[in-house]
Amino acid sequence: WSLAVFEEPRDVKGTALLSYANIVEPDDQWLYLPALKRVKRISATNRSGPFVGSEFAYEDLTAQEVRKYGYLWVRDERCGPTMCFVVERRPRYENSGYTRLLTWYDHEEYQVRRVEYYDRNDVFLKTLSVSDYRQYLDRFWRAHGLVMDNHKTGKRTRLDFGDYQFQLGLTERDFDKNALKRVR
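Please read these numbers as outputs of a predicted model, since none were measured by experiment.

### Some words on the overall build of the protein chain
Okay, so step 1: Helix and strand counts for the protein chain come out as 0 helices and 11 strands.
Okay, so step 2: Going from the N terminus to the C terminus, the protein chain shows its helices and strands as β-β-β-β-β-β-β-β-β-β-β.
Okay, so step 3: Against the 2.2 N^0.38 benchmark of 16 Å for 184 residues, the protein chain shows a C-alpha radius of gyration of 17 Å, consistent with a compact globule.
Okay, so step 4: Principal-axis analysis of the C-alpha atoms places the extent of the protein chain at approximately 45 × 40 × 30 Å.
Okay, so step 5: Taking all contacts inside the protein chain whose residues are at least 6 apart in sequence as the whole, residues at least 24 apart take part in 33%.
Okay, so step 6: Counting every atom, the protein chain has about 11300 Å² of accessible surface; 48% of that belongs to carbon and sulfur.

### As for the sheet that holds strand 11 (residues 156-160)
Okay, so step 1: Strand order in this open sheet of 7 strands is 5-6-7-8-9-10-11, and the pairing throughout is antiparallel. Edge strands, defined here as strands with exactly one partner in the open sheet, are strand 5 (69-79) and strand 11. Across the sheet, the axes of successive neighbouring strands diverge by a mean angle of 20°, strand direction being ignored.
Okay, so step 2: In terms of strand pairing, strand 10 (residues 140-150) meets strand 11 through 5 bridges, oriented antiparallel. If you follow Asp149 over to strand 11, its bridge partner there is Arg156.

### Focus on the state of the cysteines
Okay, so step 1: In total, this model carries 1 disulfide according to the counting rule given.
Okay, so step 2: The disulfide partner of Cys79 is Cys84, and the S-S distance across this bridge is 1.7 Å.
Okay, so step 3: On the basis of relative accessibility, which here comes to 0%, the residue Cys84 falls in the buried class.

### A short note on the confidence of the model for the protein chain
Detailed conclusions should not be drawn from predicted coordinates in areas where pLDDT is low.
Okay, so step 1: Averaged over every residue, the pLDDT of the protein chain is 88; residues scoring 70 or more account for 99%.
Okay, so step 2: Within the protein chain, the element-level pLDDT minimum falls on strand 1 (residues 2-5), averaging 82, and the maximum on strand 7 (residues 98-106), averaging 97.

### Thoughts on the layout of surface pockets
Okay, so step 1: By volume, the second largest pocket amounts to about 170 Å³.
Okay, so step 2: In terms of lining, the second largest pocket is formed by 14 residues, of which the most central are Ser48, Ala57, Tyr98, Leu125 and Lys126.
Okay, so step 3: Among the residues making up the lining of the second largest pocket, the classes are represented as 5 nonpolar, 5 polar and 4 charged.

### So, empty space enclosed by the protein
Okay, so step 1: In the structure shown here, the tally under the stated rule is 1 cavity of 30 Å³ or more.
Okay, so step 2: Around the largest cavity sit 15 residues that line it, and Asp27, Glu59, Thr62, Lys68 and Tyr93 are the ones nearest its centre.
Okay, so step 3: A breakdown of the residues in the lining of the largest cavity according to their chemical character gives 5 nonpolar, 5 polar and 5 charged.

### Regarding the nonpolar core
Okay, so step 1: Counting residues in hydrophobic clusters, the biggest one holds 24 residues, and the most contacted among them are Phe51, Phe56, Tyr117 and Leu128.
Okay, so step 2: Of all elements in the fold, only strand 7, strand 8 (112-119), strand 9 (124-136) and strand 10 reach the threshold of two or more residues within this core.
Okay, so step 3: When residues of this core are assigned to their parent elements, the largest contribution, 4 residues, is made by strand 9.
Okay, so step 4: Discounting chain neighbours no more than four positions away, the residues touching Tyr117 are Asp60, Tyr98, Arg100, Leu101, Val123, Phe124, Leu125, Lys126, Leu128 and Met148.

### So, the side chain of Lys68
Okay, so step 1: Looking at where Lys68 falls in the secondary structure, it is placed in the loop between strand 4 (38-42) and strand 5.
Okay, so step 2: Not counting residues up to four positions away in its chain, the partners in contact with Lys68 are Asn22, Ile23, Val24, Glu25, Asp27, Ala63, Arg90, Pro91, Arg92 and Tyr93.

### Things to note about the pairing of strand 11
Okay, so step 1: Side-chain alternation along strand 11 places Thr157 and Leu159 on a buried face and Arg156, Arg158 and Asp160 on a face that remains uncovered.
Okay, so step 2: Between strand 10 and strand 11, which pair antiparallel in sequence order, lie 5 residues; one of them, Gly154, sits at a positive phi of approximately 80°.

### As for the packing of aromatic side chains
Okay, so step 1: Within this structure, the stated rule accounts for 13 aromatic pairs.
Okay, so step 2: Residues Tyr69 and Tyr93 carry aromatic rings whose centres are separated by 6.1 Å and whose planes lie at 85° to one another, so their mutual orientation is edge-to-face. Of the two residues, Tyr69 sits in strand 5 while Tyr93 sits in the loop between strand 6 (82-91) and strand 7, which places them 24 residues apart along the sequence. In this pair, the class of Tyr69 matches that of Tyr93, namely buried.
Okay, so step 3: Between Tyr118 and Phe124, the aromatic rings sit 5.4 Å apart at their centres with planes inclined by 35°, giving tilted as the arrangement.
Okay, so step 4: With a relative accessible area of 10%, Tyr118 lands in the buried category.
Okay, so step 5: Under the relative-accessibility criterion, Phe124 is labelled partly exposed at 32%.
Okay, so step 6: Three or more aromatic residues joined by ring pairs make a cluster, and in this case those are Tyr136, Phe140, Phe161, Tyr164 and Phe166.

Conventions used here
Residues numbered from 1 in each chain as written. Predicted model: local features only at pLDDT ≥ 70, side-chain atom pairs only at ≥ 80, totals over all residues. Heavy atoms only, no water. Helix = DSSP H or I, 4+ residues; strand = E, 2+ residues; numbered from the N terminus. Rg over C-alpha atoms; globule rule 2.2 N^0.38 Å. Contact = heavy atoms within 4.5 Å. Areas by Shrake-Rupley, 256 points an atom, 1.4 Å probe, with all protein chains shown as cover. Pairing = 2+ DSSP bridges. Axes fitted to C-alpha atoms, helices over the stretch in contact; angles between N-to-C directions. Disulfide = S-S within 2.5 Å. Buried < 20%, exposed > 50% of the residue type's maximum accessible area, 1.4 Å probe, protein only. pLDDT = per-residue confidence, 0-100. 1 Å grid on protein atoms, 1.4 Å probe; cavity = no way out; pocket = protein on both sides within 12 Å on 5 of 7 lines; lining within 4 Å. Points joined across faces, edges and corners; volume = space filled by probe spheres on them. Nonpolar A, V, L, I, M, F, W, Y, C, P; charged D, E, K, R; others polar. Core = buried A, V, L, I, M, F, W, Y, C linked by side-chain atoms within 4.5 Å. Phe/Tyr/Trp six-rings, centres within 6.5 Å; stacked < 30°, edge-to-face > 60°.

This is the structure we're talking about:
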């Protein structure tokens, strides 16, 4: 389960996205829209659509389960100050908006540094740049900066994550779609 609550910009403040990662099947997702005071289920066939007008698709904001993709090592190359594996991932699940993703993983921590997305026609669509990794509880690495550049539209969306929180004593009930209305 994951839950993201957006604090800004002001027009999306209070918007919440609840996702349940399935291993091979499409993930389950619900969106809470505070202006409508309504929870909306995101259908499996609509995951390639834009998330609240951004350059991110709903599909981009779900867990990257290993078995959801087929993998092919392409090459090693420098990415910033470190070396990276460049790996082609091909979605194994129906209704993906992508034919393939080229992903740069650093050699040291296996953190995603960059992803190039290719649309259903195998045309280069957008690039995700991932930065500002921080470690929590001496074992969980989380990125705080994500920038998505859409090469077709020329638009860019930046997501900045605040401090992640772990071991809060949450229960399954806290991740129920009806609980989205109470999240602040």
